[in-house]
Amino acid sequence: MSYQSPEFKQLEAIQAWMATLTVWQTWTGQSGADLLDRVCWPLRNAPALPVAVLGLRGGKTINKTGAAGGSNFDPSGRIALWVYAADTGGDDEKQGYSDFGDLFYQLISEMADKAHEAPVLFNSFETPETPIVRSSWVTAPDEDEGLSAWWQGEIIISWGVEE
């Protein structure tokens, strides 16, 4: 379904654009519709790991002219992109952290390099104070769904017209 609000148009555009990124294609080992499914919202819709999950953050609509008459409003906002991937390090947490972190930061670099090819006006790609966490740091293992050891990275995307 194609949505009409600027916020959900951004989610759909980012989903389609991420399917063009070489790092994401290599990381997931997917292509076509299967690759599109690896960028989803919310997390419950994730078909398997690795997956990128998009979530809306705050936004605003700015009057660019600053005048009441003939105002010209444009939207902007922030979107969180959480990347989840299985831990490949086994008992070597340093190896798992390094494997995930290297691909995670390669993804950010390619996103920045190819931002001009996206149908989204990107302003920045940021990471929070703690950009990468391991499942065992935040929750008990979930043996029922096979997600007992995973890494999560967060990218905060700023888009649209800013002041």
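Residues numbered from 1 in each chain as written. Predicted model: local features only at pLDDT ≥ 70, side-chain atom pairs only at ≥ 80, totals over all residues. Heavy atoms only, no water.

### A short note on the overall build of the chain
Basically, it comes down to this: Counting from the N terminus, the helices are the DSSP runs of H or I reaching at least four residues and the strands are the DSSP runs of E reaching at least two. Remark: exposure states derive from per-residue accessible area (1.4 Å probe, protein chains only) relative to the maximum for the residue type, with buried under 20%, exposed over 50%, and partly exposed in between. The contact rule is simple, with two residues in contact once any of their heavy atoms fall within 4.5 Å. Computed with the Shrake-Rupley method and a 1.4 Å probe, the accessible areas treat only the protein chains shown as cover for residues.
Within the chain, the secondary structure is distributed over five helices and six strands. The order of helices and strands in the chain, counted from the N terminus, is α-α-α-β-β-β-α-β-β-α-β. Out of the 163 residues belonging to the chain, those deemed buried represent 40%. Contacts in the chain between residues far apart in sequence, at least 24 positions, make up 64% of those at least 6 positions apart. In the form shown here, the chain has an accessible surface area of approximately 8900 Å², with 49% of it arising from carbon and sulfur atoms.

### Structural notes on the packing of aromatic side chains
Working definition: an aromatic ring pair is given by the centre-to-centre distance plus the angle between the planes. The criterion, for reference: Under the pairing criterion, centres of Phe, Tyr and Trp rings, with the six-membered ring standing for Trp, must be within 6.5 Å; the plane angle then separates stacked pairs below 30 degrees from edge-to-face pairs above 60, leaving the rest tilted. Lysine and arginine charges are scored as sitting over a ring when NZ or CZ, respectively, is within 6 Å of the ring centre and within 35 degrees of the ring normal.
The full count for this structure, using the stated rule, is nine aromatic pairs. Relative to Trp 150, the ring of Tyr 84 has its centre 5.5 Å away and its plane inclined at 65°; by these criteria the two rings are edge-to-face. Within this pair, whereas Tyr 84 is found in strand 3 (residues 73-86), its partner Trp 150 is found in strand 6 (residues 150-160), the two being separated by 66 residues in sequence. Trp 150 matches Tyr 84 in its accessibility class, with the two residues each being buried. Put simply, the rings of Trp 24, Trp 27, Phe 100, Phe 104 and Tyr 105 pair up and form one aromatic cluster. For the cation-ring pair, Arg 134 lies above Trp 151, with the distance from its terminal atom to the ring centre recorded as 5.9 Å.

### Section: the environment of Ser 109
Looking at where Ser 109 falls in the secondary structure, it is placed in helix 4 (residues 93-113). By relative accessible area, Ser 109 is classed as partly exposed at 42%. Spatially, the C-alpha atom of Ser 109 lies 9.5 Å from that of Val 23, the residues being 86 residues apart in sequence.

### Concerning the confidence of the model for the chain
The predicted coordinates should not be examined in detail at positions where pLDDT is low. Definition in use: Every residue gets a pLDDT, meaning the predictor's confidence in that residue, from 0 to 100.
When pLDDT is averaged along the chain, the result is 88, and 88% of the positions lie at 70 or above. Taken element by element, the chain is modelled with least confidence in helix 5 (residues 135-138), mean pLDDT 69, and with most confidence in helix 2 (residues 22-28), mean pLDDT 97.

### Concerning the nonpolar core
Stated formally: Buried Ala, Val, Leu, Ile, Met, Phe, Trp, Tyr and Cys residues form a nonpolar core when they are joined through side-chain atoms within 4.5 Å.
Counting residues in each nonpolar core, the largest one holds 33 residues, and the members touching the most others are Met 18 and Trp 24. Broken down by secondary-structure element, the contributors of at least two residues to this core are helix 1 (6-18), helix 2, strand 2 (51-63), strand 3, helix 4, strand 4 (122-126) and strand 6. For Trp 24, the contacting residues outside a window of four places in its chain are Met 18, Leu 35, Arg 38, Val 39, Pro 50, Val 51, Ala 52, Val 83 and Leu 107. One finds Cys 40, Val 51, Tyr 84 and Trp 150 within the second-largest nonpolar core, a separate group that totals five residues.

### Thoughts on unusual backbone geometry
Note that the residue after Trp 41, namely Pro 42, is joined by a cis bond; omega there is -20°. As for its placement among the helices and strands, Pro 42 is situated in the loop between strand 1 (39-40) and strand 2. Looking along the chain, the bond that leaves Leu 49 and enters Pro 50 is cis, with omega of -5°.

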